[in-house]
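Observations on the three-dimensional arrangement
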Amino acid sequence: MDAETIADEARSSIGWYCMSTCKALCCRKGIIRLQGKQEIAAVTQGKEEELRKERLLEDAGGEAAILHVGKRPCPSLTSDSKCSIYTNPHRPKGCANFPLYFYGNTLWAASFCPAVKTGLMDEHLKRIEELGVKVLK
Ligand code: SF4
Ligand code: SF4
């Protein structure tokens, strides 16, 4: 099995924890990079203007934008901590990949994520390391 597939397994393995314990911290705190008009529209759920006025949505060069979550959660987050655009093709890649990101032969596991911090994905990360990928937390 390749490293990308193991990383996908790792992300899937924490689904229960994301909803029942963490309650989507990554959708409630931090920043989300949005690439292009379609992603911005999909994530902001008709609240783009309002978010821009509050400076919670800011241009980030080209067609990219940064959504700040903290004061308000992501507009696509449901009250039961699910992503309402989970299957939408315009769901940001950064959301789909969180908390594991590949940069060449290095995998960065975001320690901001409680599942990473508490070692819930350590078994998977070890398997990825055994394939010769450098794992950073
Ligand atoms: S921060 Fe980590 S544990 Fe929490 S919802 Fe996001 S991916 Fe899941
Ligand atoms: S788009 Fe979905 S996964 Fe991404 S921050 Fe919003 S609710 Fe979370």
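Residues numbered from 1 in each chain as written. Chains lettered and ligands numbered in written order. Predicted model: local features only at pLDDT ≥ 70, side-chain atom pairs only at ≥ 80, totals over all residues. Heavy atoms only, no water.

**A few points about the sheet that holds strand β6 (residues 134–136)**
So the rule is basically this: Any two strands with at least two DSSP-identified bridges between them are counted as paired. A run of H or I in DSSP counts as a helix once it spans at least four residues, and a run of E counts as a strand once it spans at least two, with each numbered from the N terminus. To get an axis, a line is fitted to the C-alpha atoms, and for a helix only the part in contact is used. The angle between two axes follows their N-to-C directions and goes from 0 to 180 degrees.
The strand order across the open sheet formed by three strands is β4-β5-β6, and the pairing between neighbours is mixed. Strand pairing shows two members of the sheet lacking a second neighbour, β4 (100–103) and β6, which therefore form its edges. Neighbouring strand axes in the sheet, compared pairwise and without regard to direction, differ in orientation by 25 degrees on average. Bridging between strand β5 (residues 106–109) and β6 involves three bridges; their strand directions are parallel. Bridged to Leu107 within β6 is Val135.

**Some thoughts on the site of ligand 1**
Short version of the rule: Throughout, near means a residue has at least one heavy atom within 4 Å of the molecule or strand. Both site types are read off a 1 Å grid over the protein atoms alone. A 1.4 Å probe that fits but cannot get out defines a cavity, while an open set with protein on both sides within 12 Å along at least five of seven lines defines a pocket; lining residues have an atom within 4 Å of a point. Throughout, a molecule is located in a cavity or pocket provided that more than half of its atoms lie within 2 Å of its grid points. Under the convention adopted here, Pro, Cys and the residues Ala, Val, Leu, Ile, Met, Phe, Trp and Tyr are nonpolar, Asp, Glu, Lys and Arg are charged, and Gly plus all remaining residues are polar.
What surrounds ligand 1 is the set Ile14, Tyr17, Cys18, Cys22, Ala24, Leu25, Cys26, Phe98, Cys113, Pro114 and Ala115. When atom positions are compared with the pocket grids, ligand 1 is found to occupy the largest pocket. Taken together, the elements giving at least two residues each to the shell around ligand 1 come down to α2 (15–22) and α6 (114–117). Broken down by element, the residue count for the shell around ligand 1 peaks at three residues, all from α2. For the shell around ligand 1, a count of residues per class yields 11 nonpolar, no polar and no charged.

**A few points about the pattern of salt bridges**
Put simply, the test is: The rule for a salt bridge is simple: a side-chain nitrogen of Lys or Arg has to be within 4 Å of a carboxyl oxygen of Asp or Glu. Type-normalised accessible area, obtained with a 1.4 Å probe on protein chains alone, sets the label of each residue: buried when under 20%, exposed when over 50%, and partly exposed for intermediate values.
Scanning all chains against the criterion turns up 11 salt bridges. Asp8 is paired through a salt bridge with Arg11; the nearest N and O atoms lie 2.7 Å apart. Of this pair, Asp8 and Arg11 both sit in helix α1 (residues 3–13), three residues apart, which is roughly one turn of that helix. Of the charged contacts, one joins Lys53 and Glu49 as a salt bridge, the two residues approaching to 4.0 Å between their closest N and O atoms. Placement of the pair is Lys53 and Glu49 together in helix α4 (residues 48–53), with a separation of four residues, close to one helical turn. Each member of the pair Lys53 and Glu49 is classed as exposed.

**Observations concerning the layout of surface pockets**
Note the cut-off: Grid points are joined across faces, edges and corners, and a volume is the space filled by probe spheres set on the points.
Estimated volume of the largest pocket: approximately 1,200 Å³. Elements that contribute at least two residues to the lining of the largest pocket include exactly α1, α2, β1 (30–35), α3 (37–44), α5 (93–97) and α6.

**Quick word on the site of ligand 2**
Around ligand 2, a shell composed of Cys27, Ile32, Cys74, Ser76, Leu77, Cys83, Ile85, Arg91 and Cys95 is seen. One can see that ligand 2 is located within the largest pocket. Considered class by class, the residues forming the shell around ligand 2 number seven nonpolar, one polar and one charged.

**Concerning the environment of Tyr17**
Note the threshold: Note on contacts: a residue pair is in contact if any heavy atoms of the two residues lie within 4.5 Å.
Inspection of the secondary structure puts Tyr17 in helix α2. Judged by relative accessible area, which is 13%, Tyr17 ranks as buried. On a C-alpha basis, the gap between Tyr17 and Leu120 in space is 9.2 Å, while along the polypeptide they are 103 residues apart. Apart from the residues within four sequence positions on either side, Tyr17 is in contact with Cys22, Lys23, Pro114, Ala115, Thr118 and Leu120.

**Focus: unusual backbone geometry**
Residues other than glycine predominantly adopt negative phi, and peptide bonds predominantly adopt the trans conformation. Here the bond from Phe98 into Pro99 is cis, since omega is 5 degrees, no more than 30 degrees from zero. With a phi close to 60 degrees, Ser81 is a non-glycine residue in the positive phi region. By secondary structure assignment, the location of Ser81 is in the loop between β3 (64–69) and α5. Its relative accessible area of 15% is what places Ser81 among the buried residues.

Nothing here speaks to function; it is all geometry.
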